[in-house]
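# Tertiary structure, described
The chain contents come next:
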Amino acid sequence: MPDYVIAPPPQAAVAVAGTDALFPVRRVYCVGRNYAEHAREMGADPTREDPFFFSKPADALVACAPGQNGVSPYPPGSKSVHHEMELVVAIGKGGADIPAERALEHVFGYAPGLDLTRRDLQGEAKKKGQPWEMGKGFDKSAPIGRIVPAAEIGHPAKGTISLKVNGETRQKSDLSQMIWNVPETIAFLSRLVALAPGDLIFTGTPEGVAAVVKGDRLEGHIDGVGDLQVTIG
Ligand code: MN
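Presented here is an overview of the structure given in this document. (Residues numbered from 1 in each chain as written. Predicted model: local features only at pLDDT ≥ 70, side-chain atom pairs only at ≥ 80, totals over all residues. Heavy atoms only, no water.)

It is possible for side chains of opposite charge to pair when their charged atoms get near one another. For the structure on display, the rule yields nine salt bridges. Across the pair Asp-115 and Lys-56 runs a salt bridge, and its minimum N-O distance is 2.8 Å. Of this pair, Asp-115 sits in the loop between β9 (107–114) and β10 (117–118) while Lys-56 is found in strand β4 (residues 53–56), placing the two residues 59 residues apart along the sequence. One exposure class covers both Asp-115 and Lys-56, and it is buried. Here Glu-105 makes a salt bridge to Lys-93, at a shortest N to O gap of 3.9 Å. With Glu-105 in the loop between β8 (85–91) and β9 and Lys-93 in the loop between β8 and β9, this pair connects stretches of sequence that are 12 residues apart. A relative accessible area of 40% means that Glu-105 is categorised as partly exposed. (Salt bridge = Lys/Arg side-chain N within 4 Å of Asp/Glu carboxyl O. Helix = DSSP H or I, 4+ residues; strand = E, 2+ residues; numbered from the N terminus. Buried < 20%, exposed > 50% of the residue type's maximum accessible area, 1.4 Å probe, protein only.)

In structure tokens:
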């Protein structure tokens, strides 16, 4: 082991259903505009252009499985923080140039996740042609539930994805509505970066994104995958 000049940061990790062992997280990738109705509500053309990606830091993850009492503090610098409920893919086996037909062999499991977004900062960045980074990759911007192994549930390609805020349904769609499905997304991303075990991919949100306020209680659900619960602190 090398000596470090400061203490090394803790390993980001996510709980796994059915075990006390954790899934160690390396990088967090996110897909933009992957549901047609969400692309439309954002004023974009939902064509099948190549998917595009952005990142969040691994330590933006917040443990938000039921019982974990997850809290995401309302972030500084924004007056419009939006929820984006998403299916998260956990990569268990790395690779570059992965063909879509083999992509699911690289998946360890799936989790429900939220891509919290400072929509005002993202909008300003879009207008100026600047990076989205500060609209997306802020502290505690990635609440996530437990990862369920694909060995147990298979690979969900359809099923309800939904989000309630204070008990009221805000987002409700179906995984089958993704523009780029999970194998296609993995294939595209692995042509741009070599994927490695521990990488997560947030696969985009359906329509119904809206602002949250302090004290809001968010409950996400994906059929066959699980739930997440987070309070905006
Ligand atoms: Mn998103």
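Below, the discussion takes up the side chain of Arg-119. Relative to the assigned elements, Arg-119 resides in helix α2 (residues 119–128). When its relative accessible area of 10% is taken as the criterion, Arg-119 is described as buried. Residue contacts for Arg-119: discarding those within four places in its chain leaves His-38, Met-42, Ser-80, His-82, Glu-84, Lys-136 and Val-209. (Contact = heavy atoms within 4.5 Å.)

Our next topic: the sheet that holds strand β13 (residues 160–165). Strand order in the open sheet made by the five strands is β6-β17-β16-β13-β14, with mixed pairing throughout. Each of the sheet's edge strands pairs with one partner strand only, and the pair in question is β6 (70–72) and β14 (168–174). Strand-to-strand, the axes of this sheet are offset by a mean angle of 20°, without reference to chain direction. Direction of pairing for β13 relative to strand β16 (residues 217–222): antiparallel, over a ladder of five bridges. Across the sheet, the residue bridging to Lys-164 is Glu-219, located in β16. (Pairing = 2+ DSSP bridges. Axes fitted to C-alpha atoms, helices over the stretch in contact; angles between N-to-C directions.)

One number sums up the size of the largest pocket: a volume of about 190 Å³. Taken together, 15 residues make up the lining of the largest pocket; nearest its centre are Arg-33, Asp-45, Thr-47, Glu-49 and Phe-52. Of the residues belonging to the lining of the largest pocket, the class tally is eight nonpolar, three polar and four charged. (1 Å grid on protein atoms, 1.4 Å probe; cavity = no way out; pocket = protein on both sides within 12 Å on 5 of 7 lines; lining within 4 Å. Points joined across faces, edges and corners; volume = space filled by probe spheres on them. Nonpolar A, V, L, I, M, F, W, Y, C, P; charged D, E, K, R; others polar.)

Bridge analysis of β13 against β14 gives six bridges, and the strand direction is antiparallel. Bridge pairing in β14 links Thr-160 to Asp-174. Hairpin remark: β13 followed by β14, antiparallel, with two residues in the connecting loop; positive phi at Asn-166, about 50°.

Taken together, the protein donors to the manganese ion comprise Glu-84 (OE), Glu-86 (OE) and Asp-115 (OD), at separations of 2.0 to 2.1 Å. Counting gaps between the donor residues of the manganese ion yields the pattern E-x1-E-x28-D. Residue classification places Glu-84 among the buried residues on the basis of a relative accessible area of 4%. A relative accessible area of 0% means that Glu-86 is categorised as buried. (Donors = N, O, S within 2.8 Å, 3.2 Å for Na, K, Ca; no water.)

Side chains of strand β17 (residues 226–232) alternate between two faces, with Gly-226, Leu-228, Val-230 and Ile-232 buried and Asp-227, Gln-229 and Thr-231 left unburied. Sheet analysis places β6 next to β17, joined by three bridges and oriented parallel. Counted as the bridge partner of Gly-70 is Val-230 from β17. In this sheet, β17 lies alongside β16 in antiparallel orientation, the contact comprising six bridges. Of the residues in β17, the one forming a bridge with Ile-222 is Gly-226.

Here we come to empty space enclosed by the protein. In the structure shown here, the tally under the stated rule is two cavities of 30 Å³ or more. The computed volume of the largest cavity comes to approximately 100 Å³. Ranked by the residues each element gives to the lining of the largest cavity, the list is headed by α2, at three residues. Of the residues assigned to the lining of the largest cavity, the class counts are four nonpolar, six polar and seven charged. Empty space within the second largest cavity amounts to approximately 40 Å³.

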